[in-house]
Structure formats: C-alpha cells, structure tokens
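Examining the three-dimensional arrangement
Now for the letters of each chain:
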Amino acid sequence: MGLAKRIIPCLDVKDGETVKGVNFVGLRSAGDPVELGKAYSEQGADELVFLDITASFEGRKTFTDMVTRVAREINIPFTVGGGINELADVERMLHAGADKVSINSAALRRPALINEITSRFGSQVCVVAIDARHDADGWHCYLKGGRERTERGLFEWASEAQDRGAGEILFTSMDHDGVKDGYANEALARLAERLSIPVIASGGAGAMPHFRDAFTLGHADAALAASVFHFGEIAIHDLKQYLRNEGIEVRL
C-alpha cells in the first residue's frame, strides 16, 4: 500500500489566536491555537502546522510562547512557520519544541537558507512552503503572504528547493485557498511526478472527496486544511474512515 497518507490541520496564528480567511484575506477568529491543537491531536490528526501570520517582533515572542505550550500538550509532530529568516529563528522554534520549520518568503529571497538549515539540522526539519497562483503565463510563486509576485515558476522552484535539501514541499494554491471546491490536483500531480520528496497539498478542501482526489489525482503525500476542521464541518476521524473506505491508506 505504500506509506500512509497524512491529514494535517493548519492553524494560522495572529496575536495569539487562530484565524482563517478566504484567498488569504478576510480573517475571522477560530479559537485558541493550543486548545485546537490538542483537540486535533486527540481526534487523530497525523501532524499539525502553526503559522505565525504577523511575525513582527512582538508577535514572534507571543508565538514562541505558544509553541512551548503546544509542545507540552500534544504528542504528534508539528511544524511552525512565519518570520523564519535565519538559523537563530530555526533554533528558537526547535528549542521551544517544534519538530519542523516551514520557510517561504525567506527561502525565495535567499535560497541558500535551505542548505544552511538542512546541513545544520537535517532535511527532515526543513519544509519549504510555496504560495503560488496560476497566472496567465503559468504558475508563479508569491511572497509576503501572497501579496507580491515573483518571477520564479512553481515547478522549477520546487525542484531547486529539493536539490538544496528540503525535506518536504508544502504547496498552497492561492486560487483555491478557502474557496472549498477542491485542491489544485493537476499542479499537485506535476509536482509529485517531478519530485522525490513528499508534497503536502494545501488550499481548497471543502468536502471529504476533495481529500480523496488530492491523494488519487494529485498524488499528494499529505493534505492540509484549516476552516473545515476549525468550524466543525469535517471531523478528522470521519474523514479518515471515509478515505480508508475509498481504498486510501491512512492511520486510524
């Protein structure tokens, strides 16, 4: 059957609380990140991702304290991202209890950061997150939480990130984010074909079949979602039972 597919709730954290928007804007509160993380761990999530979406200095301190609290409360691996620009940031997050770090804008600006993290801490610690949009001239990577377009193409950048030592690619389709009509399965399949490291699908989950399609059509290794979990639309255990019934290997 191969490796079990992973289900990963994502918690965007702003000023100490979980928030969620659509297409990267229009944020609303979804509760305390530590409590939510604990609940997801108990409900059978395989991993968690926490993103500090306002990583100013003050936000960073709040976020680091939260990471310490999360590490005390949950027993599944978790990744943290947002405002990680140098090795000292990685060290701080790992010291607070995180298992992996996710880097996005900082890696695009200075790709050697990937090499530095992986040579110091190992590939398994480094998740390269890519926010991309399908523009008229193809898939392009965006910086600063989706606000600034770069000339880097999704597929060549993902390949370079892998070559530099990244352990996983977390691909968010900005067009699909929060819209709930399914993941960008065509782009996911192209990534899966091109890369040998795991690809995490993000952006577009609205119903259980969307997760199935990310695995069967998109060949993703993991599927990440936020609002469907935060607002009680899909229960993780029910989702995993559904996926297993559809012939997809998951840990129950």
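The structure under discussion appears in the preceding block.
Calculation notes
Residues numbered from 1 in each chain as written. Predicted model: local features only at pLDDT ≥ 70, side-chain atom pairs only at ≥ 80, totals over all residues. Heavy atoms only, no water. Helix = DSSP H or I, 4+ residues; strand = E, 2+ residues; numbered from the N terminus. Contact = heavy atoms within 4.5 Å. Buried < 20%, exposed > 50% of the residue type's maximum accessible area, 1.4 Å probe, protein only. Pairing = 2+ DSSP bridges. Arc of directions from axis to C-beta. Polar contact = N/O pair within 3.5 Å; in protein donor to acceptor, adjacent residues only side chain to side chain. Disulfide = S-S within 2.5 Å. Axes fitted to C-alpha atoms, helices over the stretch in contact; angles between N-to-C directions. Parallel < 35°, antiparallel > 145°, perpendicular 65-115°, else oblique. Left-handed = near helix turned anticlockwise from the far one by under 90°. Nonpolar A, V, L, I, M, F, W, Y, C, P; charged D, E, K, R; others polar.

Notes on the environment of P9
- As for its placement among the helices and strands, P9 is situated in strand β1 (residues 6-14).
- A C-alpha to C-alpha distance of 11 Å links P9 and A235, two positions 226 residues apart in sequence.
- Excluding anything up to four places from it in sequence, P9 contacts Y40, A45, E47, L48, V49, A225, F229 and I236.

A closer look at the pairing of β1
- Burial within β1 is extensive, with 8 of its 9 residues counted as buried.
- As defined by bridge partners, β1 adjoins strand β12 (residues 222-225) across 4 bridges and the pair is classed as parallel. Across the sheet, I7 pairs through a bridge with A223, a residue of β12.
- Across 4 bridges, the pairing between β1 and strand β4 (residues 48-52) is parallel. Residue pairing across strands places L11 opposite F50, the latter belonging to β4.

Comments concerning helix α1 (residues 33-43)
- Buried within α1 are the following residues: P33, V34, L36, G37, Y40 and S41. The arc that holds the buried residues of α1, viewed along the axis, is 165°, so those residues lie on one side. For α1, the exposed residues lying more than 90 degrees away from the buried face are E35 and E42.
- Between the side-chain oxygen of the N-cap and the backbone nitrogen of V34 there are 3.3 Å, and the N-cap of α1 in question is D32.
- Downstream of α1 by one or two residues, G44 has phi in the positive range, about 105°.

Remarks on helix α7 (residues 185-194)
- Among all positions of α7, only N185, A187, L188 and L191 are buried. Looking straight down α7, one finds that the buried residues subtend no more than 160° of arc, so they occupy a single side. Exposed positions of α7 whose direction lies more than 90 degrees from the buried face are E186 and E193.
- Looking at the packing, one finds that the buried side of α7 touches β8 (138-143), α6 (154-163), β10 (168-173), β11 (199-202) and α8 (208-216).

Considerations on the pairing of β10
- Burial of β10 is extensive: 6 of the 6 residues sit out of reach of the surface.
- Taking every second residue as pointing to the same face, both faces of β10 are buried, with E168, L170 and T172 on one and I169, F171 and S173 on the other.
- Bridge analysis of strand β7 (residues 126-135) against β10 gives 6 bridges, and the strand direction is parallel. Bridging across to β10, A132 finds its partner in S173.
- When β10 meets β11, the two strands line up parallel, connected through 4 bridges. Among the inter-strand pairings, L170 is bridged to a residue of β11, identified as I200.

A closer look at the side chain of T64
- For T64, the location among the structural elements is in helix α2 (residues 57-73).
- On the basis of relative accessible area, T64 is assigned to the buried category, the value being 13%.
- Reaching out from T64, the side chain makes a polar contact with the side chain of R92 at a distance of 3.3 Å.
- Apart from the residues within four sequence positions on either side, T64 is in contact with R92, M93 and A96.

Observations regarding the state of the cysteines
- Applying the stated criterion across every chain yields a total of 0 disulfides.
- Cysteine C10 remains unbridged, with the sulfur of C126 as its closest cysteine sulfur at 17 Å.
- Distance from the sulfur of C141, which forms no disulfide, to the nearest cysteine sulfur (C126) is 15 Å.
- Accessibility expressed as a relative area gives 0% for C141, which makes it buried.

Section: the packing of helix α3 (residues 87-96) against helix α5 (residues 112-121)
- For the pair α3 and α5, the least separation of the axes is 10 Å and the interaxial angle reads 45°. With respect to α5, the element α3 is oriented oblique. Here the hand of the crossing between α3 and α5 comes out right-handed. Between α3 and α5, the residues in contact are L87, V90, E91 and L94 and E116, I117, R120 and F121, respectively.
- In terms of residue class, the contact of α3 with α5 is built from 5 nonpolar, no polar and 3 charged.

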